[in-house]
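# Breakdown of the fold
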Amino acid sequence: MNAPTRESLAGIDLLAEIDRLKKERNAVILAHYYQKPEIQDLADFVGDSLELSRRAAETDADVIAFCGVKFMAETAKILSPQKTVILPDMAAGCSLEDACPPGRFKAFRAAHPDHIALTYINCSAEVKALSDIIVTSSSAETILAQIPKEQKIIFGPDRHLGGYLSRKFGREMLLWPGVCIVHEAFSETELLKLKAQYPGAPVAAHPECPPHIIDHADYVGSTSGILKYAKEVPGDTVIIATEPHIIHQMQKALPEKNFIGAPGADGNCACNICPYMALNTLEKLYFALRDLQPQIELDEDVRLAAKKSLDRMLEMASKTVGQGDLGRKDLATPNP
């Protein structure tokens, strides 16, 4: 029997086929919190981008299937160069990565030689290679606290995360003008309506949100931090200002609570859903495992330079990476 083509998937049990191919390829499947529930539910690990890459590196898998976006899959390849890393859809990018082309970033660094580059992990491998220290939303504060006040800093590519850190620490930084299109879309007016509808309900927001959303938040933190907060905060209702697919993990862990996604724009659009994350589907994951394509390839010099900036982060703030993760922790290796 010939292998199914992209036009002839009718009647195929995708979940069974993905499981078969995973075993055949000795693969581990990773899913970011912003993936669709059906992808989260079949993944070996669900979590934040860097923590997923670190977990995959610890397994004996030959193949990493990263259901996320391109920069996340690149990070997995940086940490696991000997493994084959596939991404279901290579078009799954990131507005923050797009906003920071390596050539422009290199020129900006050259124009400010007395600054170090503290760079958010949501960027390309090439930009990581041009950086001094990579940060995540969970490690940024710990790292910034260790940098001498007299040291000048470039922060990119997310100006909202950089601005939040600048305000909190009283540190002036040169901010790269990138934004996450999902977090940028949240509406203050609609959030205030939601708060009025659920009086007393706390708001948990990601620091990629603009200041007019952060100002109304009771908690600001990474996706894993938001999950931890949602578990521990009193009350039965929590408003969540980040990509709404994270709510799937909250509902699984805390079915007795009510989690409400903050609205975007006029309250009716789906603009708070990441269009890049949505490109990954079960069908594309099946084909990626079958064909081992699309595959992440990195120049070795770029990989080593990028790894150096990641290693600096882990040296300075390893205990903060992935804290509060409510993803599956019971799997040290892929299923046999």
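You'll find the structure just up there.
Reading the values: rules and limits
Residues numbered from 1 in each chain as written. Predicted model: local features only at pLDDT ≥ 70, side-chain atom pairs only at ≥ 80, totals over all residues. Heavy atoms only, no water. Core = buried A, V, L, I, M, F, W, Y, C linked by side-chain atoms within 4.5 Å. Buried < 20%, exposed > 50% of the residue type's maximum accessible area, 1.4 Å probe, protein only. Pairing = 2+ DSSP bridges. Helix = DSSP H or I, 4+ residues; strand = E, 2+ residues; numbered from the N terminus. Contact = heavy atoms within 4.5 Å. Axes fitted to C-alpha atoms, helices over the stretch in contact; angles between N-to-C directions. Parallel < 35°, antiparallel > 145°, perpendicular 65-115°, else oblique. Nonpolar A, V, L, I, M, F, W, Y, C, P; charged D, E, K, R; others polar. Right-handed = clockwise from strand over helix to strand, strands pointing away. Lys, Arg positive; Asp, Glu negative; His and termini not counted. Salt bridge = Lys/Arg side-chain N within 4 Å of Asp/Glu carboxyl O. Polar contact = N/O pair within 3.5 Å; in protein donor to acceptor, adjacent residues only side chain to side chain. Expected span 1.5 Å × (residues − 1). Arc of directions from axis to C-beta.

### A short note on the nonpolar core
Counting 103 residues, the largest nonpolar core has Ile29, Leu118, Ile240, Met250 and Leu289 as the members making the most contacts within it. Phe105, Cys123, Val127 and Trp176 belong to the second-largest nonpolar core, a separate cluster that totals seven residues.

### Topic: the sheet that holds strand 6 (residues 133-135)
Spatial strand order, 6-5-7-8: four strands in an open sheet with parallel pairing. One side of each edge strand has no neighbouring strand; the edge strands of this open sheet are strand 6 and strand 8 (174-175). Strands strand 5 (115-120), strand 7 (152-156) and strand 8 of the sheet are contacted by helix 6 (residues 102-111), whose axis makes an angle of about 150° with strand 5.

### As for the packing of helix 4 (residues 70-79) against helix 16 (residues 300-317)
Geometry of a packed helix pair, given as the angle between the helix axes and the separation of the axes. Interhelical geometry of helix 4 versus helix 16 gives an angle of 95° and a closest axis separation of 9 Å. Comparing the axis directions of helix 4 and helix 16 gives the class roughly perpendicular. Counted together, Thr75, Lys77, Ile78 and Leu79 of helix 4 and Arg303, Ala306, Lys307 and Leu310 of helix 16 form the full contact between these two elements. Its residues assigned to classes, the contact of helix 4 with helix 16 comprises four nonpolar, one polar and three charged.

### A short note on the pairing of strand 1 (residues 27-32)
Across the six residues that make up strand 1, a large majority, six, are buried. Alignment of strand 1 against strand 3 (residues 63-67), held across five bridges, turns out to be parallel. Note that in strand 3 the partner of leucine 30 across the bridge is phenylalanine 66. When strand 1 meets strand 2 (residues 45-47), the two strands line up parallel, connected through three bridges. Across the sheet, alanine 31 pairs through a bridge with valine 46, a residue of strand 2. Note that the unit made of strand 1, helix 2 (residues 37-42) and strand 2 has a crossover that is right-handed.

### Some words on unusual backbone geometry
Geometrically, the link from glycine 156 to proline 157 is a cis peptide bond, its omega value of -5° lying close to zero. Geometrically, the link from glutamine 293 to proline 294 is a cis peptide bond, its omega value of -5° lying close to zero. In this fold, proline 294 is placed in the loop between helix 15 (282-291) and helix 16. Of note, the phi angle at asparagine 26 is positive, near 50°, even though the residue is not glycine. Looking at asparagine 26, the relative accessible area reads 24%, which means it is partly exposed. Here the phi dihedral of leucine 292 falls at roughly 55°; this positive angle occurs in a residue that is not glycine. With respect to the helices and strands, leucine 292 occurs in the loop between helix 15 and helix 16.

### Quick look at the sheet that holds strand 2
The parallel open sheet is built from four strands, whose spatial order is 2-1-3-4. Pairing within the sheet leaves two strands with one partner each, and these edge strands are strand 2 and strand 4 (84-86). Ignoring strand direction, the axes of neighbouring strands in this sheet form an average angle of 20°.

### Things to note about the side chain of glutamate 243
Residue position: glutamate 243 is located in the loop between strand 11 (237-241) and helix 14 (247-253). Buried within the structure, glutamate 243 lacks any salt-bridge partner; lysine 36 is the closest side chain of opposite charge, at an N-O distance of 9.8 Å. From its side chain, glutamate 243 meets the backbone nitrogen of histidine 245 in a polar contact 2.8 Å long. Once residues lying within four places of it in the same chain are set aside, the contact partners of glutamate 243 are Tyr34, Val182, His183, Asn272, Ile273 and Cys274.

### A look at helix 1 (residues 14-25)
For helix 1, spanning twelve residues, the distance from its first C-alpha to its last is 16 Å, which sits close to the expected 16 Å at 1.5 Å a residue. The set of residues buried in helix 1 consists of Leu14, Ile18, Leu21 and Lys22. All buried residues of helix 1 fall inside an arc of 105° around its axis, so they share one side. The inward-facing, buried residues of helix 1 abut strand 1, helix 2 and helix 15. A positive backbone phi angle near 50° is found at asparagine 26, which sits one or two residues after helix 1.

### With respect to the pattern of salt bridges
Going through the model one piece at a time under the given rule, you end up with 17 salt bridges. Notably, a salt bridge pairs glutamate 51 with arginine 55, separated by 3.6 Å at the nearest N-O pair. With a gap of four residues between them, glutamate 51 and arginine 55 both fall in helix 3 (residues 49-58), about one helical turn apart. Taking the relative accessible area as the measure of exposure, glutamate 51 reaches 15% and is therefore buried. What makes arginine 55 buried here is its relative accessible area of 13%. Residue lysine 193 pairs with glutamate 190 through a salt bridge whose shortest N-O separation is 3.2 Å. Here glutamate 190 and lysine 193 lie together in helix 11 (residues 188-197), a separation of three residues that amounts to about one turn. Judged by its relative accessible area of 14%, glutamate 190 falls in the buried class. Connected through salt bridges with shared partners, the residues Glu17, Arg20 and Glu24 form a single ionic network.

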